[in-house]
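Structural description and commentary
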Amino acid sequence: MIDKVFINLPVKDLPLSVRFFTALGFSFNPQFTDDSATCMLVTDNVSVMLLSHEKFLQFTPNPICDAREATEVLVCLSVDSRARVDELVAKAQASGGSSYNQPQDHGFMYGHGFKDPDGHIWELAYMESQEQQQG
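Residues numbered from 1 in each chain as written. Predicted model: local features only at pLDDT ≥ 70, side-chain atom pairs only at ≥ 80, totals over all residues. Heavy atoms only, no water.

1. Some points on the overall build of the chain
On a plain count of helices and strands, the chain comes out with four helices and eight strands. Helices and strands in the chain line up, N terminus first, as β-α-β-β-β-α-β-α-β-β-β-α. In terms of overall size, the chain behaves like a compact globule, its C-alpha atoms giving a radius of gyration of 16 Å where 135 residues would be expected to give roughly 14 Å. Over its C-alpha atoms, taken along the principal directions, the chain stretches across nearly 50 × 35 × 25 Å. Here the chain, with 135 residues, has 35% of them falling under the buried criterion. A sequence separation of at least 24 residues applies to 52% of the contacts in the chain between residues at least 6 apart. (Helix = DSSP H or I, 4+ residues; strand = E, 2+ residues; numbered from the N terminus. Rg over C-alpha atoms; globule rule 2.2 N^0.38 Å. Buried < 20%, exposed > 50% of the residue type's maximum accessible area, 1.4 Å probe, protein only. Contact = heavy atoms within 4.5 Å.)

Encoded structure:
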């Protein structure tokens with residue numbers, strides 16, 4: 001069974017990415033942080049490794065795509081309310097990110113997203129529990 005998930009993303013400017021995600025409320029594990037990488041804590045079992053391009057290329061034989069021009073991954077995070085979705089998108093926009101679509105309201109599920117400074121797409125979703133859906 002899988003214990004933890006580490007998503008690895010290349011970033012052009014590591015300090016800028018750290019400032020951006022700190023403004024959204026994320027914290028970082030100093031044990032896995034240096035001038036070329038940092039470990040952003042999402043949950044107890046999910047982390048995002050933000051890696052300089054040089055560091056990222058140590059792990060892949062493929063070139064890094066420009067996430068502003070092509071999509072290599074969609075990261076979707078589940079949050080605890082519709083308000084939290086809107087709050088994080090607003091914080092992302094205020095911190096140098098951008099939105100690329102309108103909020104999506106499907107009744108039981110609400111979502112919106114943003115692009116970080118490197119163009120990576122982050123979806124945010126709130127899903128009502130079964131009990132909430134039943135009234």
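2. Describing the environment of valine 89
Position of valine 89 relative to the elements: it lies in helix H3 (residues 82-94). Separated by 25 residues in the primary sequence, valine 89 and phenylalanine 114 have C-alpha atoms spaced 6.0 Å apart. Not counting chain neighbours up to four residues away, the residues in contact with valine 89 comprise Ser99, His112, Gly113 and Leu124.

3. Section: the nonpolar core
Ranked by size, the top nonpolar core spans 23 residues in total, and within it Phe21, Leu24, Met40, Leu50, Phe114, Trp122 and Leu124 carry the most contacts. Looking at this core, the elements with two or more residues in it are strand S1 (5-11), helix H1 (14-23), strand S4 (46-52), strand S5 (74-78), H3, strand S7 (109-115) and strand S8 (121-127). At four residues, H3 tops the list of elements feeding residues into this core. Those residues within four positions of leucine 50 in sequence are excluded, and the remaining contacts are Leu9, Val11, Leu14, Ser17, Phe21, Phe28, Ser36, Ala37 and Thr38. Residues Ala37, Met49, Leu51 and Phe56 belong to the second largest nonpolar core, which totals five residues. (Core = buried A, V, L, I, M, F, W, Y, C linked by side-chain atoms within 4.5 Å.)

4. Some thoughts on the sheet that holds S8
Taking strand neighbours across the sheet as the criterion, the four strands line up as S5-S8-S7-S6 in an open arrangement whose pairing is mixed. Only two strands of the sheet have a single partner each, and these edge strands are S5 and strand S6 (104-105). Of the pairings in the sheet, the one linking S5 to S8 comprises five bridges and is parallel in character. Its bridge partner lying in S8, leucine 74 is registered against isoleucine 121. (Pairing = 2+ DSSP bridges.)

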